[in-house]
Amino acid sequence: MKFHLEASLRLSADAKAAEAALSDFFGKAGPILQKGAPDGQGARVSSWKLAGSKIDLVIDSDRYVRAHDALLRLRRPLSELLGKQYRIGVRGMDITRFDIEVDSDRAIEHRIPYVQEIKFEGGKLKIALDVGPQGTLGQSEIENRIPDRIISLLEDKLQSYGGKTEHWELLWESAAREPKFNRDPTEEMQKAGWIKHGSSRGQWIYGPQATHVFRTFEKIVLEEIIGPLGYREMIFPKLDTWDVWKKSGHAQGVYPEIYFVCPPKTRDPAFWEEVMDYYKITHEVPLELVKEKIDLPIGGMCYAQCPTFWGFLQGTTLPSDELPIAVFDRSGTSHRYESGGIHGIERVDEFHRIEIVWLGTREQVIAEAEKLKACYKHIFEDILELTWRTAWVTPWFMAQEGKTGLSEMTGAGTVDYEAVLPYNGNWIEFQNLSVNGEKYPKGFTVKAQSGEALWSGCSGVGLERWASAFLSQKGLDPSNWPEEFRRRCGKMPRGIRIL
């Protein structure tokens, strides 16, 4: 990796009297520019020139001391030299050229913020940043580490180009059970009148029978997990603002999967009158006209359910005797744009979940995760009697950052629960459990009174996924359901007859 930076330092006055001192300063700047780098590595001032009230610099460097870091390193001692001896201040900096060269075996074709041009030549990416009077990258962006983030983004893209497989490691597998059913449960529920497509893509309307099965799952979770482990119910907002997603980490990559929420520019009826008049005449909604009258997205519909909880604790310090905190939410739907991947009730855009969240010290959070795992095993083995398995997978918070493998934080990570679908032989992830380490407490600035680092975990019980796993193996006939599930389910409600 190589850097070439051309910049000017703006001074408060003509520095002709300081030219000799500047020559001596730049001649001896090696220790400043090479600090922290291996011998012979780092940055160097390739040339400099005093032009009245500005100093033109050319800095070349390697990966150990990046050129923009070298420029920032020079600014303070140079200010002290000119200020103390010559009463001249350094007012700012202008970037006129900034090139980066990175080893690569492939090109990157799409646009990257603050990058003017990318060329792929001779096994190298040659990147010209968008600088100059009309450019987007200047002093503020240098100080805010934008070049470093560009480099990190490039490295992630080069590592993950072509699709990088996630880590998957089998942890445990149940004994195989003879399935009672071998057809697609969604198709059979439609035929039986249990469900119907909603008006939106990936959305279903659940009739009395399907809803009763969902409520039975909820009842099992309440009786076997929520009650015994002492979770307290809360209601989390179901609109996630950008501020929430920036703190939770979802803003790094959630965009292709969210339903955006745009408020109207105003609720003044006069502003919307032409839209309403158009509909009254045509009985069609003028979407292009509506688009002109809505504001920028303020966020999106609930995607992961737990991030909005953290606003309740944001910026607070928790007393030691309050830990661990264990809460859950079941107050509304979650929404993900599944693109071409929607299928039946197992992969939908609108789904129903019970979200379980806990936080405390590292030891408390890991211990709570083990309790939850024991509860899930009891439910899936003794109540639902599924053929299922668990696997250690790439945590979502690493996957969104382009990483794979296991977390560097011992004990943090994600366990997926998978069940076999007899009608096609595939395995479906129907449950997960994540220990997220310090990610959420740090992101939302939540601290412990003791000063000890806080950890958190979350686990989403997806009712559609549970139904897909259970009904694909047991079918819709209650006589084929496990005895313990039938006991908890009770009498199935009558469906709605349609002529």
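Residues numbered from 1 in each chain as written. Predicted model: local features only at pLDDT ≥ 70, side-chain atom pairs only at ≥ 80, totals over all residues. Heavy atoms only, no water.

**Q** Which residues make up the nonpolar core, and what are the values?
**A** Counting 56 residues, the largest nonpolar core has I356, Y376, F380, L384, W466 and F485 as the members making the most contacts within it. Excluding residues that lie within four positions of it along the chain, L384 makes contacts with F217, I220, I379, W466, F470, K474, P482 and F485. If you look at the next biggest cluster of nonpolar residues, it comprises 50 residues, including L22, V65, M93 and L158. (Core = buried A, V, L, I, M, F, W, Y, C linked by side-chain atoms within 4.5 Å. Buried < 20%, exposed > 50% of the residue type's maximum accessible area, 1.4 Å probe, protein only. Contact = heavy atoms within 4.5 Å.)

**Q** Please give an account of unusual backbone geometry that cites residues and values.
**A** Going from L323 to P324, the amide bond is cis rather than trans, its omega being -5 degrees. Tracing the sequence through the fold places P324 in the loop between β14 (317–318) and β15 (325–329). Unusually for a residue other than glycine, Y114 sits at a positive phi of about 70 degrees. Of note, Y114 is situated in the loop between β4 (90–103) and β5 (115–121). Unlike most non-glycine residues, H283 shows phi in positive territory, near 60 degrees. Relative to the elements of secondary structure, H283 occurs in the loop between α9 (273–282) and α10 (287–293). (Helix = DSSP H or I, 4+ residues; strand = E, 2+ residues; numbered from the N terminus.)

**Q** Tell me about the pattern of salt bridges, and name the residues and values.
**A** Under the defined criterion, the tally for this structure stands at 36 salt bridges. Between E223 and R488 there is a salt bridge, and its shortest N-O distance comes to 2.9 Å. Taken together, the residues span a long stretch of sequence, with E223 in helix α7 (residues 208–229) and R488 in helix α15 (residues 483–489) at a distance of 265 residues. Between E322 and R232 there is a salt bridge whose closest N-O contact spans 3.2 Å. With a gap of 90 residues between them, E322 in the loop between β14 and β15 and R232 in strand β10 (residues 232–233) connect regions that are remote in the sequence. Exposure remark for E322: the relative accessible area of 32% places this residue in the partly exposed category. Note on R232: relative accessible area 44%, which makes it partly exposed. Taken together, the shared-partner salt bridges connect E223, E224, E484, R487 and R488 into one network. (Salt bridge = Lys/Arg side-chain N within 4 Å of Asp/Glu carboxyl O.)

**Q** Which residues make up a nonpolar patch on the surface, and what values go with them?
**A** A surface patch of nonpolar side chains, amounting to about 310 Å² of accessible area, comprises Y279, V285 and L287. Checked against the element boundaries, V285 lands in the loop between α9 and α10. For V285, a relative accessible area of 49% translates into the label partly exposed. (Patch = residues over 30% accessible without salt bridge, like charges linked within 9 Å, V, L, I, M, F, W, Y side chains within 5 Å. Areas by Shrake-Rupley, 256 points an atom, 1.4 Å probe, with all protein chains shown as cover.)

**Q** Give a description of the state of the cysteines that names residues and reports values.
**A** Following the criterion strictly, the structure yields zero disulfides and no others. With no disulfide partner, C262 has as its closest neighbouring cysteine sulfur the one in C302, 17 Å distant. A residue is classified by how much of its surface remains accessible, and C262, at 32% relative accessible area, is partly exposed. (Disulfide = S-S within 2.5 Å.)

These values are about where atoms sit, not about what they do.
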